[in-house]
Amino acid sequence: MTPPLNPPEIHPPFAPYSHGVVVPAGQRLVFCSGQLGIAADKHVPPDCAAQTRICFDNIAAILREAGMGMEHIVRINAYVTGRAHLDDYMAVRNALFAPPYPASTLMIVTGFARPEFVVEIEAIAAGPA
């Protein structure tokens, strides 16, 4: 378990995430590259929610290969191409995580390498060594 850090003297998180997360000593870290909403069969859905699900499915597959699961994620960096995608991204992300929530950042960017992508997600996980 990674203890969350949400000091009472600062504004609480705006959504289900933690301001900080402590990684206990002796944990192994896995750094996932940014994942785009492209399936193994090269399909890219047109909507943000479906692309977000693929991004997190890809991250889950990477973590499985390391012997970890989504519950080991301690940090998420996500990027969307417009405010219109915020609610869809948040709905998918919020359904996947329970307390203690990972630390998280969500940014709006102008685009990605290919125009059909509307979301990219990076993750850091910490688990048993």
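Residues numbered from 1 in each chain as written. Predicted model: local features only at pLDDT ≥ 70, side-chain atom pairs only at ≥ 80, totals over all residues. Heavy atoms only, no water.

To continue, consider the packing of aromatic side chains. Using the criterion set out here, one finds 2 aromatic pairs in the structure. Ring centres of phenylalanine 56 and tyrosine 89 lie 6.4 Å apart, and the angle between their planes is 25°; this geometry places the pair in the stacked category. Placement of phenylalanine 56 in helix 1 (residues 48-65) and of tyrosine 89 in helix 2 (residues 86-96) is noted, with a sequence separation of 33 residues between them. Judged by relative accessible area, tyrosine 89 falls into the buried class, the value being 0%. On the basis of an interplanar angle of 70° and a centroid distance of 5.8 Å, the ring pair of phenylalanine 56 and phenylalanine 97 is categorised as edge-to-face. One end of the pair, phenylalanine 56, is in helix 1; the other, phenylalanine 97, is in the loop between helix 2 and strand 5 (103-108), with 41 residues separating them in the sequence. For phenylalanine 56, a relative accessible area of 2% corresponds to the buried category. In this structure phenylalanine 97 comes out as buried when scored by relative accessible area, which is 11%. (Phe/Tyr/Trp six-rings, centres within 6.5 Å; stacked < 30°, edge-to-face > 60°. Helix = DSSP H or I, 4+ residues; strand = E, 2+ residues; numbered from the N terminus. Buried < 20%, exposed > 50% of the residue type's maximum accessible area, 1.4 Å probe, protein only.)

Here we come to the pattern of salt bridges. Following the criterion strictly, the structure yields 1 salt bridge and no others. Glutamate 116 is the partner of arginine 114 in a salt bridge, and the nearest nitrogen-oxygen pair spans 2.6 Å. Judged by relative accessible area, which is 38%, arginine 114 ranks as partly exposed. The class for glutamate 116 is partly exposed, based on a relative accessible area of 32%. (Salt bridge = Lys/Arg side-chain N within 4 Å of Asp/Glu carboxyl O.)

Ordered by their spatial adjacency, 4 strands build an open sheet running 3-6-4-5, and the pairing between neighbours is mixed. The strands lining the two open edges of the sheet, one partner per strand, are strand 3 (28-36) and strand 5. Across this sheet, the average inter-strand angle for adjacent strands is 10°, counted without regard to direction. Strand direction decides the pairing type here: strand 4 (residues 73-80) and strand 5, joined by 6 bridges, are parallel. Opposite isoleucine 76, over in strand 5, you have serine 104 as the bridge partner. Strands strand 3, strand 4 and strand 6 (119-127) of the sheet are contacted by helix 1, whose axis makes an angle of about 150° with strand 3. (Pairing = 2+ DSSP bridges. Axes fitted to C-alpha atoms, helices over the stretch in contact; angles between N-to-C directions. Contact = heavy atoms within 4.5 Å.)

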